[in-house]
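Tertiary structure, described
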Amino acid sequence: MGIEIRVEGLRKSFGRQVVWEDVTLTVPASEISALLGPSGTGKSVFLKNLVGLLRPDRGHVYVDGRDVPRVRENELYEVRRRFGVLFQDGALFGSMNIYDNIAFPLREHTRRTESEIRRIVLEKMEMVGLTGSGDKLPGEISGGMKKRAGLARALVLDPEVILADEPDSGLDPVRTAYLNQLFVDLNAETGATFLIVTHDIGTARVLPDNLGLLFRRGLVMFGPREMVLSSTHPAVDQFFNARREGPIGMAEEKDAADRTAEGGPPRTLPAPIPPQLMPSDGRVRPSMRRPGEWLAAHHVTPPPGSFVDETGRDWLRDWDTLTADHQRPA
Ligand SMILES: Nc1ncnc2c1ncn2[C@@H]1O[C@H](COP(=O)(O)OP(=O)(O)OP(=O)(O)O)[C@@H](O)[C@H]1O
Ligand SMILES: [Mg+2]
């Protein structure tokens with residue numbers, strides 16, 4: 001179970017500063033989508049608009065027939081219940097230990113007994129690798145642990161939509177890999193809709209079904225992973241291939257510039273499109289598309305070396321044998 005979020009003509013400003021305008025997209029139900037963009041382009045502001053924590057100047061955010069900016073406070077509560085949100089700063093209660101922080105939504109929104117709550121909290125803590133840290137206060141744990149505690153708290157109500165603002169910031173590469181696998185497995189298991197804000201291009205390239213880029217007060221592109229990763233749009237190409245040369249300047253974007261600081265000759269083709277991360281049980285998620293499907297349908301030749309995994313297996317050629325044991329859902 002997942003629900004789609006349909007955003008139409010959204011615009012948000014603070015005073016005279018327009019953060020973005022004309023933002024229109026559909027975050028498809030039960031799929032994994034990722035939103036990227038230079039620092040300060042309004043990714044966090046966007047997530048807050050989706051759950052009604054900030055109000056747009058104009059436009060609509062439809063969630064299951066309700067227009068979030070226009071619902072009343074009591075209805076907003078109903079909408080928010082269906083979301084699990086991990087805020088960029090983790091937003092933990094500083095005076096409450098990790099266990100109580102994670103238990104908070106269950107105590108607030110459900111009538112579960114303390115023993116049921118305990119089972120759920122311990123399960124989520126294990127899921128995010130925080131077993132044994134329940135007694136610690138947020139001030140006593142690392143930034144990465146705070147992120148994971150925030151994520152555990154976002155998951156306790158089994159939300160239909162999961163919004164995560166930079167869940168991977170402050171995590172080491174191994175933890176990031178675990179986290180991405182966790183998202184894929186959760187999506188496969190629950191069918192929840194995921195929208196993840198990240199600065200990690202590696203994550204963006206392998207994790208989501210759909211990718212979006214915010215840049216210069218607007219949504220430059222939002223669509224299937226293969227479409228975005230093969231795009232020759234200057235800003236999209238520069239961003240997702242971490243090139244130094246392109247319309248995104250140092251002042252606007254530290255990440256893309258940093259990542260290419262080591263140099264190397266400028267590439268002319270987009271980097272190979274990697275195979276998408278699979279659930280750990282090897283099953284194909286319903287929203288996973290056959291590798292190369294979008295490209296073939298749109299007569300786009302994949303960049304050389306695309307869809308070859310680190311073992312050298314070519315997913316374009318071997319997809320049927322890769323998935324032979326598992327009936328692919330329609
Ligand atoms: N409550 C607020 N009041 C006024 N301005 C705000 C508020 N929240 C955000 N802004 C401004 O809106 C712009 C977008 O901020 P936002 O935090 O959404 O960026 P971001 O894309 O999430 O950046 P980062 O990648 O660094 O997290 C910034 O210029 C910020 O200063
Ligand atoms: Mg942000």
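As recorded by an unreviewed UniProt entry, the protein chain carries the name ABC transporter ATP-binding protein and is attributed to Actinomadura logoneensis.

**Comments concerning the packing of helix H3 (residues 98-109) against helix H4 (residues 114-127)**
Running from N to C, H3 and H4 cross one another at 125°; their axes reach a closest spacing of 10 Å. If you check the angle between H3 and H4, you find them oblique. In terms of crossing hand, the pair formed by H3 and H4 is right-handed. When H3 is examined against H4, the residues Tyr99, Ile102, Ala103, Leu106 and Arg107 are found in contact with a partner set consisting of Ile117, Ile120, Val121, Lys124 and Met125. By residue class, the composition of the contact of H3 with H4 is eight nonpolar, no polar and two charged.

**A short note on the pairing of strand E3 (residues 32-36)**
Most of E3 is tucked away: five of the five residues are buried. Residue alternation in E3 divides its side chains into two sets, Ile32, Ala34 and Leu36 and Ser33 and Leu35, and both sets are buried. Bridge count for E3 against strand E8 (residues 193-197) is four bridges, and the pairing is parallel. The residue of E8 that forms the bridge with Ala34 is Ile196. The pairing of E3 with strand E9 (residues 210-215) spans four bridges and is classified as parallel. Counted as the bridge partner of Ala34 is Leu211 from E9.

What counts and how
- Numbers given for residues are sequential positions, taken from 1 along each chain in its written order.
- Chain letters start at A and ligand numbers start at 1, both assigned in the order the entries are written.
- For a predicted model such as this one, the threshold for reporting local features is a pLDDT of at least 70, and the threshold for listing and counting side-chain atom pairs is 80 or more; totals across whole chains, interfaces and linings nevertheless cover every residue.
- Under this scheme, a helix contributes an axis fitted over its contacting stretch, all axes are lines through C-alpha atoms, and angles between N-to-C directions fall in the 0 to 180 degree range.
- Under the DSSP-based scheme used, a helix requires at least four consecutive residues in state H or I and a strand at least two consecutive residues in state E, with every element numbered from the N terminus.
- Any angle that is under 35 degrees is reported as roughly parallel, and any over 145 degrees as roughly antiparallel; angles of 65 to 115 degrees are reported as roughly perpendicular and all others as oblique.
- Left-handed describes a crossing in which the near helix is turned anticlockwise from the far one by less than a right angle; the clockwise case is right-handed.
- What counts as a contact is two residues whose backbone-derived C-beta atoms lie within 7 Å of each other.
- Residues are grouped as follows: Ala, Val, Leu, Ile, Met, Phe, Trp, Tyr, Cys and Pro are nonpolar; Asp, Glu, Lys and Arg are charged; every other residue, Gly included, is polar.
- Here exposure depends only on C-beta density: within 10 Å of a residue's C-beta, 20 or more other C-beta atoms make it buried, 12 or fewer make it exposed, and intermediate numbers make it partly exposed, the C-beta atoms being placed from the backbone.
- Strand pairing requires that DSSP identify at least two bridges connecting the strands.

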